[in-house]
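# Residue-level structure breakdown
Residue-level listing of the chains:
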Amino acid sequence: MARFVAHGSLRLDAVVPPEMNEEGIKVLGEGVPGVPYGSRITDVYPEGSFVRRLLEIPAVAGALRSLVGPDPTVDHHFVHIREPHEGQAQPLHGDAIIDVRTDAFDVQLMYYPQDVTLDMGGTLSVPGSHLRRTNESDTGRYQNLRGQSRLVCPAGTVVFLHHGLWHGGRRNDSDTVRYMFKIRFNPTVRQRRLWDTSDLADPRVRRELSTTFPWYEHATGRLEMYNRVLLWRALTGDDTFDLEYWVTRVSNRPQEDAA
Amino acid sequence: MSTNTSTRQQVLVLYLATSALDSEVVGWSRYDGTARTSPTTGDSDEPPYKSGVHALEDGWRLFQAAQLIPPYPGHEYDVSFLKHEFFFEKVVEVDQ
């Protein structure tokens, strides 16, 4: 979870078995009809259906449970198809509209049923961009940022993105049609300690949360830490947590009179 | 024999680590008015220059730099767009 809070994403390589990926390409190629906003998983993905089985894969189900809790609702889903040698990449964007919630977040599941090579235009994402307050494709001017992630992955990979993460489908310069299936989930419970928190005091948690990224400007990178601390406090309920004293220092306004 | 030529603009946008033009490049975009290249989102992991000054040394002309704007009261800790944006151009000749 600390890694997700720092990076804004969680990647699970090849967690979907090959036989399901073969089926997945066919299912996505035929299209997956839209569902009403806010649907329950059990209502729109019947028992035994491809999507339901995808969500029941233990690694996928566990990640979803840890991130948004039990019984999240389906915001919407969409099959993304990038045609061979299409001219343009998507502009860098965050989905939906500007979303500045500091104590809740949606996740977007992205499923890749086939091996994705660099020239197939796998999803571009910018680690650590999820707390930026920008609206949809207003970031389209940014073509490349140092430390960006250009997804190359084996078939059956599932990635979860924080709703605010900057991303975009890259230009497909290959001869192969590329498929990706996205589902956005909304939490239905408070997102506090929904994951295994037995190791909260492990030093690796603090190390993960302290991750900086090459595209951060020096000064704004410090503000990223500030905002990350606030998110971690919201997720853990620990209002004393801090990194390098960033939040504590600027919150210190003693009210006691001197003796 | 004379050749008919005209000029086109190539634009380079650099995002730097601080407001100083000689600070490190953290992001970049290119637009090519000659249509000889078609830069797009996510087409490179390596910045074209180490700093803004390195771009000047390679012949790019700076024509716009982001202003330094104080944060709006109450939003001092917000993070949003990249702040240190520099626009460069090269004007190149093309055959008509």
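Just so it is clear, the model here is predicted, and its values are computed rather than measured. (Residues numbered from 1 in each chain as written. Chains lettered and ligands numbered in written order. Predicted model: local features only at pLDDT ≥ 70, side-chain atom pairs only at ≥ 80, totals over all residues.)

All right, on to the overall build of chain B then. Of regular secondary structure, chain B possesses 1 helix and 4 strands. For a compact globule of 96 residues, the expected C-alpha radius of gyration is about 12 Å, and chain B comes in at 16 Å, more than 25% above that figure. Expressed as lengths along the three principal axes of its C-alpha atoms, the size of chain B is roughly 65 × 25 × 20 Å. Counting only residues that meet the buried cut, chain B has 24% of its 96 residues in that class. (Helix = DSSP H or I, 4+ residues; strand = E, 2+ residues; numbered from the N terminus. Rg over C-alpha atoms; globule rule 2.2 N^0.38 Å. Buried ≥ 20, exposed ≤ 12 C-beta atoms within 10 Å, placed from the backbone.)

Attention now moves to helix H2 (residues 18-30) of chain A. Residues and elements named next belong to chain A. Counted at 1.5 Å a residue, the expected span for H2 with its 13 residues is 18 Å, and the 19 Å between its end C-alpha atoms agrees. Within H2, the full set of buried residues consists of Asn21, Gly24 and Leu28. Seen from one end, H2 has its buried residues packed into an arc of 50°, which puts them on one side. More than 90 degrees from the buried face of H2, the exposed residues found are Glu19, Lys26, Gly29 and Glu30. Here the buried face of H2 lies against helix H4 (50-56), strand E3 (73-82) and strand E10 (178-186). (Expected span 1.5 Å × (residues − 1). Arc of directions from axis to C-beta. Contact = placed C-beta atoms within 7 Å.)

This part is about the interface of chain A and chain B. With 30 residues of chain A at the interface, the matching set in chain B holds 24 residues. Where the side of chain A that touches chain B is concerned, the elements lending two or more residues are strand E6 (144-145) and helix H7 (218-236) of chain A. Of the residues forming the side of chain A that touches chain B, the biggest block, 6 residues, is contributed by H7 of chain A. In terms of strand pairing, E6 of chain A meets strand E2 (residues 25-32) of chain B through 2 bridges, oriented antiparallel. Looking at E2 of chain B, one finds that Leu145 of chain A is bridged to Gly27 of chain B. (Pairing = 2+ DSSP bridges.)

Here the focus is the nonpolar core. Generally speaking, nonpolar side chains in soluble globular proteins are found buried as a group. Counting 64 residues, the largest nonpolar core has Val5, Val107, Leu109, Met110 and Tyr111 of chain A together with Leu14 of chain B as its most contacted members. Counting contributing residues per domain, this core is built from domain 1 (2-186) and domain 2 (203-251) of chain A, each supplying no fewer than three. When residues no more than four places from it in sequence are discounted, the contact partners of Leu14 of chain B are Val25, Trp28, Tyr49, Gly52, Ala55, Phe86 and Phe88 of chain B. (Core = buried A, V, L, I, M, F, W, Y, C linked by C-beta atoms within 7 Å. Domains from an automatic or database assignment.)

Residues and elements named next belong to chain A. Its identity as a non-glycine residue notwithstanding, Glu136 has a phi of 45°, on the positive side. Mapped onto the fold, Glu136 is located in the loop between strand E5 (124-125) and E6. Even without a glycine there, the phi angle at Tyr245 is positive, about 70°.

What follows concerns the pairing of E10 of chain A. All names here are of chain A. Within E10, 7 of the 9 residues are buried, which leaves the element mostly enclosed by the surrounding structure. Bridge count for E3 against E10 is 9 bridges, and the pairing is antiparallel. Paired with Val79 across the two strands is Phe181, which belongs to E10.

It is worth spelling out the environment of Leu28 of chain A at this point. Residues and elements named next belong to chain A. By the element assignment, Leu28 lies in helix H2. Taking the number of C-beta atoms within 10 Å as the measure of exposure, Leu28 has 20 and is therefore buried. As for Leu28 and Tyr179, which are separated by 151 residues in sequence, their C-alpha atoms are 7.1 Å apart. Setting aside chain neighbours within four positions, we find Leu28 in contact with Val79, Pro113, Tyr179 and Phe181.

Turning our eyes to something else, we now look at the environment of Phe160 of chain A. Topologically, Phe160 of chain A is positioned in strand E8 (residues 157-162). Once residues within four sequence positions are removed from consideration, Phe160 of chain A is found in contact with Ser9, Leu10, Ala63, Leu67, Val107, Gln108 and Leu109 of chain A.

We now examine the domain arrangement of chain A. Accessible area lost on assembly of the parts is the figure often given for the size of an interface. All names here are of chain A. In terms of domains, chain A is made up of domain 1 (2-186) and domain 2 (203-251). The C-alpha centroid of domain 2 is placed 26 Å from the C-alpha centroid of domain 1. At the junction of the two partners, domain 1 supplies 13 residues and domain 2 supplies 16 residues. The element best represented in the side of domain 1 that touches domain 2 is helix H1 (residues 2-7), accounting for 4 residues.

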